[in-house]
Amino acid sequence: MNRVVLQGVWADDSNAGACAKFGARSVDGFVARPGQTRIEDVDGEVVCFTGLGSRASGTAADLRMAARAGARRISRALPARSPERAAVDLVVDVDSFLNPRTAPAAALRSAVLAGASEGGYEFQMLDAVTHLSSTLGVSVRRPDGTAMQAPVLELALAHAVAGARDLVNLPASALTPTGFADLAAELLLPLGVNVARRDAAELEAQGFGGITAIGKGADNPPVLLELAFGEESPTCTFVGKGVTYDSGGLSLKPPDALMDMKSDMAGAAALVAVFSVLPQFAPGSSFRAVIALVENMPGPRSVRPGDVVVLRNGSTLEILNTDFEGRVILADSLALAAESCPAAIVDLATLTYAANHALGSRYAAMVASDERLAELLIDAGKQSGDLVWGMPLQPELEEQIRSDVADYKNFPGTAEARVSTAALFLHQFVGGIPWAHIDMAGPAFKTSADAFSASGGTGFGVRLLTEFIAWGGAGRR
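In this text, all values refer to a predicted model and were calculated from it rather than measured experimentally.

Undergrad: For this particular structure, what's the right way to read the UniProt feature "domain: Cytosol aminopeptidase" (unreviewed entry) in the protein?
TA: The feature "domain: Cytosol aminopeptidase" (unreviewed entry), as annotated in UniProt, sits at residues 164-465 in this numbering. With 33% helix and 22% strand, residues 164-465 has its two end C-alpha atoms placed 13 Å apart.

What follows is the structure, given as structure tokens:
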């Protein structure tokens, strides 16, 4: 199986056997439902038919998921370590997916190619520190049946998404804060992205009391990364949560909750991936990123519930629950981001279980201080497939973030409105700059594989922010 054609089938075009129209034998049960796939030999050519559902609802997001299902079906038939896998060429018959009722052809083609690249991703650890990951090679078939290469930018973006997934999928033993920083520098410096780092001693000396406190319990020390692309004042500064493993610290998580905590750096992984494609997607622009990398572990030097620390902006913080560490390191990171006075700040974090409970695994929760910035991110989500849903800031809940012994506390003391109270706390550190907080706890990681994707990191946020930069752009506010 060196060449497989991926072809979309509309339910509107079928009766009992949807693929019969395209030359394959009629197959009982295949009625072109979204997510339904079938591999057939058609005149000596291997074709994977993927159901598109009704044309009435065939949006770009729907077609992206259908292409993912088809590529996932092909991927499952090829073992991750198989040499045959690397040789497979997935030829996408994009015209079979087009639906002029719902979106322009260019947007639909981009969505289909995105889905095909994402569905073909596989990851496997080879030993304790090395891994193997791959995607299927994707090309595009013209209406006359001949193949042409997929657009260069789409291929670059697919590679970036896969890179973010790799980072999230690596076990914490193979990706410490220092290891993450080393990999980021190795990837980004040759591309013209400046990478600066502060070690634990610098963080303590320079007033990053939150990052220092959370990182104290681990043998692997914290690192703060600053990424810079372009020479001008940043159009937008991004902030990423990079907890390479979150045990909860002394406020230890229950065993079941510990299993996927290597993924608590998905926001940081997405930002590194985004900056890897900025030279292609946004030449001549200027963007910055601040990424705090820590392990949150219990130990003899761990921060204790009730301890008070001084943050980067001089505020005092009472840490009541060490498992609410994300907002603590983000407070320092946001304060640093605000010091360069960007036009906007956007943070990306796997922050609260509440976001997952409220919205599930398809949407990230977004809280913003600026309506136009929120609109741009929502639109970018719709175009990219990385969906975000706006939630309120609720300043009337301020008493939940105020402490009796310090300026703030990191634990609200109630289970109500935790997405909003987390965002309300973070808002104190952006200095009045237009800001949006994206809580991606739901869509960042899949605990099990399904018809659309392998388990593990999803790469959520890479396409969202790339779309925001390339087409929405904080500079066009």
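Undergrad: Help me understand the environment of isoleucine 401 in this model?
TA: Tracing the sequence through the fold places isoleucine 401 in the loop between β17 (387-390) and β18 (408-409). Spatially, the C-alpha atoms of isoleucine 401 and glutamine 36 are 47 Å apart, while their sequence positions differ by 365 residues. Contact partners of isoleucine 401, with chain neighbours within four places excluded, come to Asp407, Tyr408, Lys409, Thr421, Leu424, Phe425 and Gln428.

Undergrad: Looking at this structure, how should I read helix α12 (residues 371-384)?
TA: Three or four residues apart is the spacing at which side chains of an α-helix point the same way, because the helix has 3.6 residues per turn. Taking 1.5 Å per residue as the helical rise, α12 with its 14 residues ought to reach 20 Å, and the 20 Å between its terminal C-alpha atoms agrees with that figure. Buried residues of α12: Leu373, Ala374, Leu376, Leu377, Ala380, Gly381 and Ser384, and no others. Down the axis of α12, the smallest arc covering the buried residues is 160 degrees, so these residues share one side. Projecting away from the buried face of α12 at angles above 90 degrees are the exposed residues Glu371, Lys382 and Gln383. Phi turns positive, to about 90 degrees, at glycine 385, one or two residues after α12.

Undergrad: I tried to follow the packing of aromatic side chains on my own but got confused; where do I start?
TA: Pairs of aromatic rings are described using the distance from one ring centre to the other and the angle between the two planes. Applying the stated criterion across every chain yields a total of seven aromatic pairs. Ring centres 4.9 Å apart and planes at 85 degrees place the aromatic pair phenylalanine 324 and phenylalanine 411 in the edge-to-face group. Pair noted here: phenylalanine 324 is in the loop between β14 (316-319) and α10 (326-339) and phenylalanine 411 is in the loop between β18 and α13 (418-427), with a separation of 87 residues, a long-range link. We classify phenylalanine 324 as buried; its relative accessible area is 14%. The interplanar angle of 90 degrees and the centroid separation of 5.7 Å between the aromatic rings of tyrosine 363 and tryptophan 389 together place this pair among those described as edge-to-face. Of the two residues, tyrosine 363 sits in strand β16 (residues 363-368) while tryptophan 389 sits in strand β17, which places them 26 residues apart along the sequence. On the basis of relative accessible area, tyrosine 363 is assigned to the partly exposed category, the value being 28%.

Undergrad: Honestly, the domain arrangement of the protein in this entry has me stumped. Any pointers?
TA: By a frequent convention, interface size equals the accessible area lost on bringing the separate parts together. What the domain assignment reports for the protein is domain 1 (3-150) and domain 2 (161-474). Centre-to-centre separation of domain 1 and domain 2, based on C-alpha positions: 33 Å. With both sides pooled, the region where domain 1 packs onto domain 2 buries about 1,700 Å², and carbon together with sulfur makes up 56% of that total. Between domain 1 and domain 2 we count two salt bridges in total. Applying the counting criterion to the domain 1 and domain 2 interface returns 10 residue pairs in polar contact (both at pLDDT 80 or more). The set of elements that each furnish at least two residues to the side of domain 1 that touches domain 2 consists of α1 (60-76), α3 (105-119), β5 (122-125) and β6 (131-134). Looking at the side of domain 1 that touches domain 2 element by element, the count peaks at five residues for α1.

About the criteria used
Residues numbered from 1 in each chain as written. Predicted model: local features only at pLDDT ≥ 70, side-chain atom pairs only at ≥ 80, totals over all residues. Heavy atoms only, no water. UniProt positions renumbered as here; feature names shortened; annotations may be inferred. Helix = DSSP H or I, 4+ residues; strand = E, 2+ residues; numbered from the N terminus. Contact = heavy atoms within 4.5 Å. Expected span 1.5 Å × (residues − 1). Buried < 20%, exposed > 50% of the residue type's maximum accessible area, 1.4 Å probe, protein only. Arc of directions from axis to C-beta. Phe/Tyr/Trp six-rings, centres within 6.5 Å; stacked < 30°, edge-to-face > 60°. Domains from an automatic or database assignment. Buried area = accessible area lost by both parts, 1.4 Å probe. Salt bridge = Lys/Arg side-chain N within 4 Å of Asp/Glu carboxyl O. Polar contact = N/O pair within 3.5 Å; in protein donor to acceptor, adjacent residues only side chain to side chain.

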